[in-house]
Amino acid sequence: HQQQAPVVRALFEGICRGDRAALARGITLAESTRDDHRRQARELVAACAAVQRPRALRIGLTGTPGVGKSTFIEALGMRLLRRGHRLSVLAVDPSSARSGGSILGDKTRMQDLSAADGAYVRPSPSRGTLGGVARGTLDAIILAEATGYDVCLVETVGVGQSETMVADMVDMFVLLMQPASGDELQGVKRGIMELADLIVINKADGPLELAAALTRTEIANALHLMLPRRPAWTPKVLRASAATGHNLDRVWATVLRYFDALRATGDWDALRAEQRRKWMWREVTHQLRAALDRDPAARACAQSLEADVLAGAVPPGAAADHIVARFLANKN
Ligand code: GDP
């Protein structure tokens, strides 16, 4: 058993006291790509993962820009704080990985929640690959749980890949939609609906109420045709309004029913175990690839073969064989 570095010990003690500033610094450490930071973050995450606390409810939330995610999180979140919960909100923003820009990073979002005592709102890291951001977020969840946040929301937007990654790090996945015509609904990616344990049709208020009811029916019908994701739970569709607060209590009651079902069947343990396995292999894949990228011989081989593959002179599979063989050749 190794001695913890002083910086790690200080952060760990802060986190165990429920100190939000220590959590923030811990997450910054986990997001860093510096080798010494990564080692410290590994230690900190391992220590936090061993902390005995009641399990937090890890909930993913997705929806296209403008559907009302931040309004919804703010309204639901303030309700949860009034009920005595502590809430952390993390974000995985795929746009930052591609462009350095941000869809979710706007500082004016969720102002009440950001200022509230029982909440911690963390914007998506503005740099890094999607895979790196996702791995950092998984660490951040573990740190937030150890800090005593008993509800952990992970917000994401957009391209299918980020949603799949977030679905792999949460217990429940919620899709936020808005009233839409049948034609518009045709365009909704089926893969995203298949990930959802709960679909909320937001903006069910004022002139949009009727449209929301129609959308709810169409989505419910579409869900009937899909295979349920979990044996213990059939996905639900609810209407709600983040603006007026209509049905938000019902949304939360449904979330709690979902977790009751997970608990009753033992599926919760199985789900987390399977996720841990998945992330271990993602990390292995990532590290092997990073090692290959650092290996001069393999890199030179890859560079010249890439040109051949682009030109169509060498098939991709054969090129991959060569590159991996070159990488492994000087490992033995
Ligand atoms: P996000 O991009 O998904 O985070 O969406 P926002 O929360 O920023 O909301 C986008 C727009 O929809 C804003 O103008 C909100 O005021 C509006 N909006 C959000 N929730 C509701 C709702 O329940 N009803 C109505 N009518 N408008 C809403």
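In short, a report on the structure. Quick caveat, the model's predicted, so the values are computed rather than measured.

Moving on, we come to the side chain of Glu163. Relative to the elements of secondary structure, Glu163 occurs in helix H8 (residues 160–167). For Glu163, a relative accessible area of 2% translates into the label buried. In this structure the side chain of Glu163 is engaged in a polar contact, spanning 2.6 Å, whose partner is the side chain of Thr62.

Examined against the element boundaries, Glu145 turns out to sit in helix H7 (residues 130–147). Excluding anything up to four places from it in sequence, Glu145 contacts Arg53, Ala56, Arg58 and Arg272.

Surrounding the ligand, one finds 15 residues, the nearest of these being Gly66, Lys69, Thr71, Arg109 and Asp205. Here an oxygen atom of the ligand and a backbone polar atom of Val67 are 3.5 Å apart. A distance of 3.0 Å is found between an oxygen atom of the ligand and a backbone nitrogen or oxygen belonging to Ala243. A total of 580 Å² of accessible area belongs to the ligand in isolation, and the protein chains cover 66% of it. Here the shell around the ligand is built from residues that sort into four nonpolar, seven polar and four charged.

Attention now goes to the packing of helix H2 (residues 20–31) against helix H3 (residues 35–49). At a closest axis distance of 8 Å, the pairing of H2 and H3 adopts a crossing angle of 125 degrees. Relative to H3, H2 is oriented oblique. Crossing handedness for the pair H2 and H3: left-handed. Only His37, Gln40, Ala41 and Leu44 of H3 make contact with H2, whose side of the interface consists of Gly26, Leu29 and Ala30. Across the contact of H2 with H3, the residue classes tally to four nonpolar, three polar and no charged.

Turning next to the sheet that holds strand S6 (residues 198–201). The seven strands are arranged S3-S2-S4-S1-S5-S6-S7 in an open sheet whose pairing can be described as parallel. Two strands bound the open sheet, and with one partner strand each, they are strand S3 (119–121) and strand S7 (236–239). With direction set aside, neighbouring strand axes in the sheet form an average angle of 20 degrees. Pairing geometry for strand S5 (residues 172–177) and S6, over four bridges, is parallel. Looking across to S6, one finds that Leu175 is bridged to Ile199. Along the sheet, helix H11 (residues 209–224) contacts S5, S6 and S7; its crossing angle with S7, the most-contacted strand, is approximately 175 degrees.

Attention now moves to helix H15 (residues 316–329). Residues separated by three or four positions in an α-helix point in the same direction, a consequence of the helix having 3.6 residues per turn. The terminal C-alpha atoms of H15 lie 20 Å apart, and with 14 residues this matches the ideal 20 Å at 1.5 Å per residue to within 8%. What H15 keeps buried is the set Ala319, Ile323 and Phe327. Projected down its long axis, H15 shows its buried positions confined to an angular sector of 70 degrees, all on one face. Away from its buried face, by an angle of more than 90 degrees, H15 presents the exposed residues Asp321 and Ala329. Among the structural elements, helix H13 (267–294) and helix H14 (296–311) are those in contact with the buried residues of H15.

The rules behind each value
Once a new chain begins, its residue numbering starts again from 1 and follows that chain's sequence as written. Thresholds applied to this predicted model are a pLDDT of at least 70 for local features of residues and 80 or more for the giving and counting of side-chain atom pairs; totals over whole chains, interfaces and linings are not thresholded and use all residues. Values shown for side chains rest on all heavy atoms present in the structure; no hydrogens or waters enter the calculation. Going along the chain from the N terminus, every DSSP run of H or I of four or more residues is numbered as a helix, and every run of E of two or more is numbered as a strand. Remark: exposure states derive from per-residue accessible area (1.4 Å probe, protein chains only) relative to the maximum for the residue type, with buried under 20%, exposed over 50%, and partly exposed in between. In protein, a polar contact requires one atom able to donate a hydrogen and another able to accept it; more generally it is a pair of N or O atoms within 3.5 Å, and residues adjacent in sequence count only if both atoms are side-chain atoms. The contact definition used throughout considers only heavy atoms, calling two residues in contact when any of these lie within 4.5 Å. Nearness is defined per residue: one heavy atom within 4 Å of the molecule or strand is enough. Note on areas: these come from Shrake-Rupley sampling with a 1.4 Å probe, and a residue is covered only by the protein chains present in the view. When residue character is reported, Ala, Val, Leu, Ile, Met, Phe, Trp, Tyr, Cys and Pro are called nonpolar, Asp, Glu, Lys and Arg charged, and the others, Gly included, polar. Every angle, taken between N-to-C directions, lies between 0 and 180 degrees, and every axis is a line fitted to C-alpha atoms, over only the stretch in contact when it is a helix. For this classification, under 35 degrees means roughly parallel, over 145 means roughly antiparallel, 65 to 115 means roughly perpendicular, and everything else is oblique. The crossing is said to be left-handed when, going from far helix to near helix, the turn is anticlockwise and less than a right angle, and right-handed when the turn is clockwise. Strands are treated as partners if at least two bridges between them are detected by DSSP. One less than the number of residues in a helix, times 1.5 Å, gives the span that helix is expected to have. It is the directions from the helix axis to the C-beta atoms that the arc portrays.

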